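Close look at the chain arrangement
Listed below, chain by chain, are the residues.
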Amino acid sequence: MRIVLVQPEIPQNTGSIARLAAATRTPLDLVGPLGFSLDDKHLKRAGLDYWPLVDVVEHPDWPSYSESFEGGRLLAFSARAVSPYTECEYRTDDRLVFGCESTGLGSELLELADPHIYRIPIVEEGVRSLNLSNAVSIVVYEARRQLGL
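Residues numbered from 1 in each chain as written. Predicted model: local features only at pLDDT ≥ 70, side-chain atom pairs only at ≥ 80, totals over all residues. Heavy atoms only, no water.

Let's shift gears to the overall build of the chain. Per the secondary structure count, the chain includes five helices and seven strands. Along the chain, helices and strands appear, N-terminal first, in the series β-α-β-α-β-α-β-β-β-α-β-α. Relative to the compact-globule value of 15 Å for 149 residues, the chain shows a C-alpha radius of gyration of 14 Å, a close match. Expressed as lengths along the three principal axes of its C-alpha atoms, the size of the chain is roughly 40 × 35 × 30 Å. By the burial criterion, 46% of the 149 residues in the chain qualify as buried. Residue pairs in contact within the chain that sit at least 24 positions apart in sequence constitute 75% of those at least 6 positions apart. Working note: accessible area of the chain is about 8100 Å², and carbon and sulfur atoms make up 49% of it. Averaged over its 14 positive side-chain charges, the chain has a centre that lies 7 Å from the centre of its 21 negative ones. (Helix = DSSP H or I, 4+ residues; strand = E, 2+ residues; numbered from the N terminus. Rg over C-alpha atoms; globule rule 2.2 N^0.38 Å. Buried < 20%, exposed > 50% of the residue type's maximum accessible area, 1.4 Å probe, protein only. Contact = heavy atoms within 4.5 Å. Areas by Shrake-Rupley, 256 points an atom, 1.4 Å probe, with all protein chains shown as cover. Lys, Arg positive; Asp, Glu negative; His and termini not counted. Charge placed at Lys NZ, Arg CZ, Asp CG, Glu CD.)

Here we come to unusual backbone geometry. Each neighbour pair has its own omega, and for G32 with P33 the value is 5 degrees, a cis peptide bond. With omega at 10 degrees, the peptide bond leading from D114 into P115 counts as cis. Structurally, P115 is set in the loop between helix 4 (107-113) and strand 7 (117-119). Located in the positive-phi region is R25, a residue other than glycine, with phi close to 55 degrees. Mapping R25 onto the fold places it in the loop between helix 1 (11-24) and strand 2 (28-31). A relative accessible area of 79% means that R25 is categorised as exposed.

This brings us to the pattern of salt bridges. Tallying each qualifying case throughout the model produces five salt bridges. Across the pair D29 and R95 runs a salt bridge, and its minimum N-O distance is 3.9 Å. Taken together, the positions of D29 in strand 2 and R95 in strand 6 (residues 95-98) put the pair 66 residues apart, joining distant regions of the chain. The class of D29 is buried, set by a relative accessible area of 2%. Overlapping salt bridges bring together R2, D29 and R95 as one network. (Salt bridge = Lys/Arg side-chain N within 4 Å of Asp/Glu carboxyl O.)

Empty space within the largest pocket amounts to approximately 520 Å³. For the largest pocket, the lining is made up of 23 residues, of which S78, A79, G104, S129 and L130 are closest to its centre. Looking at the lining of the largest pocket, the elements that each hand over two or more residues are strand 7 and helix 5 (132-147). Counted by class, the lining of the largest pocket contains 12 nonpolar, seven polar and four charged residues. Quantified by volume, the second largest pocket comes out at close to 160 Å³. Lining the second largest pocket are 13 residues, with V6, Q7, W62, G106 and L109 positioned closest to its centre. Of the residues contributing to the lining of the second largest pocket, the split by class is five nonpolar, six polar and two charged. (1 Å grid on protein atoms, 1.4 Å probe; cavity = no way out; pocket = protein on both sides within 12 Å on 5 of 7 lines; lining within 4 Å. Points joined across faces, edges and corners; volume = space filled by probe spheres on them. Nonpolar A, V, L, I, M, F, W, Y, C, P; charged D, E, K, R; others polar.)

Just geometry here; none of it tells us what the structure is for.
What follows is the structure, given as structure tokens:
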């Protein structure tokens, strides 16, 4: 299983996700263009001193990332999806794909992942989406629970 962030914009979110990746030993793919530098102080602060423990790979763009595929499914997560993330039967070779904070995943990437597109239910209609780092945490731990990790 791998966490895939497509064009993340907020360094603190990516830093928090990197910390999660270190804690769970889940590889992290960053697909650009990134909205910040990997040297950003906010990114480093959110990831604390765990960066050496993160298996992180940076890709300049989606075509470069897709060339690196070595099997596995693309599972996309979108606030606009119909199926809840708990209905997915996770596998160890899955790639958990999350879009940028302001616009999510574009239609092209959602088409690539179809029919594996899931949402995290939100009860309050006035809330559009969850914070990216929270969403990634919820999904990673559900996948780990199902896989017995």
